[in-house]
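Understanding the architecture of this molecule
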Amino acid sequence: MVENRRFGNLLPHAILILGVLILAFPVWLAFVASTHDATTIINGQIGVLPGPDLIKNYTQTLFHGTQGATREPVLTMLTTSLVMAVAIAVGKIVISLISAFAVVYFRFRFRMFAFWLIFITLMLPVEVRIYPTYKIVSDLHLLDTYAGLTLPLIASATATLLFRQFFMTIPDELLEASKIDGAGPLKFFKDTVLPLSVTSIAAMFVIQFIYGWNQYLWPLLITTQDSMQTIVIGIRKMITTQDALTEWQIAMATAILAMLPPVVVVVVMQKLFVKGLVETEK
């Protein structure tokens, strides 16, 4: 019998709240800075309360951009980053589902060799294969395109491994029942495997969306037009080496806006995300 103590959880909750406050305070300061003018920020007079320029700064950030390094509106950067992140997440999930299904349910020569070959690619991050990948994208005239931003990044050994582990937990009786009903591989995949994989797909979508959203090196290499730059690159261009030239209020507003889509995805899919990770571990 577990003793129900009235104040037994007081200390853990206090530590948790303190940790949240410590982590959230820099974000709050960034938001406060985004509501003041540049002079107030440079002079270190922002305080801890929002300033009077909230609507003005965010309107300029979304629809006009800065007056210096990048004049592209942040709304355009957000759109580019969103398209890139969603395309990478969906592409990785689709390819990984198909490859994991083939490895688990099809018996062909060198099946495990193919799986381990996919697994070995975990040791080859984008930075290692950056030059040949860039050369291929350049030769295909995919620079400054959404295809160039996403296609080289959609293959995922991690997702293939996780989906394979989950597929191996599906009872063989379901496969036998599908065969008795006359279902082929594609029907079994569509009617049985996919519905059982919803939580795992949701967990992988959250992980891969954040991965695509935070990409910096690859978009930096293949985008030369401001209209195709992602919001991560935009933030870096806004911050110059001289404080007098940096529009800090616009940079802070951009940083706050850049955090919103990943936070929304995590909050909306939190239950499926946690459930998917737990089921994958089983």
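Now for a look at the structure at hand. (Residues numbered from 1 in each chain as written. Predicted model: local features only at pLDDT ≥ 70, side-chain atom pairs only at ≥ 80, totals over all residues. Heavy atoms only, no water.)

1. Digging into helix α10 (residues 185-196)
Taking 1.5 Å of rise per residue, the twelve residues of α10 would be expected to cover 16 Å, and the 15 Å separating its terminal C-alpha atoms lies within 8% of that figure. When we look at burial in α10, the residues that qualify are Phe 188, Phe 189, Thr 192 and Val 193. Along the long axis of α10, the arc covered by the buried residues comes to 125°, so they all point the same way. Turned more than 90 degrees away from the buried face of α10 sit Leu 186 and Lys 190, all of them exposed. In this fold, the buried residues of α10 make contact with α4 (74-105), α8 (157-167) and α9 (172-180). (Helix = DSSP H or I, 4+ residues; strand = E, 2+ residues; numbered from the N terminus. Expected span 1.5 Å × (residues − 1). Buried < 20%, exposed > 50% of the residue type's maximum accessible area, 1.4 Å probe, protein only. Arc of directions from axis to C-beta. Contact = heavy atoms within 4.5 Å.)

2. Section: a nonpolar patch on the surface
Side chains of Leu 82, Val 86, Val 90, Val 94 and Ile 98 sit close together on the surface and give an oily, nonpolar patch of about 380 Å² of accessible area. Note on Val 94: relative accessible area 42%, which makes it partly exposed. (Patch = residues over 30% accessible without salt bridge, like charges linked within 9 Å, V, L, I, M, F, W, Y side chains within 5 Å. Areas by Shrake-Rupley, 256 points an atom, 1.4 Å probe, with all protein chains shown as cover. Salt bridge = Lys/Arg side-chain N within 4 Å of Asp/Glu carboxyl O.)

3. A closer look at the side chain of Ser 197
Structurally, Ser 197 can be placed in the loop between α10 and α11 (198-213). Side-chain polar atoms of Ser 197 contact the backbone oxygen of Val 193, separated by 2.7 Å. Excluding its chain neighbours within four sequence positions, the residues that come into contact with Ser 197 are Phe 166 and Phe 167. (Polar contact = N/O pair within 3.5 Å; in protein donor to acceptor, adjacent residues only side chain to side chain.)

4. Some thoughts on the packing of aromatic side chains
With the rule as written, the count across this model stands at 13 aromatic pairs. On the numbers, 6.0 Å between centres and 20° between planes, the contact of Phe 209 with Trp 213 is stacked. Of this pair, Phe 209 and Trp 213 both sit in helix α11, four residues apart, roughly one helical turn. The burial state of Phe 209 is the same as that of Trp 213; both residues are buried. These aromatic residues form a ring-pair network of at least three members: Phe 101, Tyr 105, Phe 106, Phe 163, Phe 166, Phe 167, Phe 188 and Phe 189. When the ring centre of Phe 115 is taken as origin, the NZ or CZ atom of Arg 164, which lies over that ring, is 4.2 Å away. (Phe/Tyr/Trp six-rings, centres within 6.5 Å; stacked < 30°, edge-to-face > 60°. Lys NZ or Arg CZ within 6 Å of the ring centre and 35° of its normal.)

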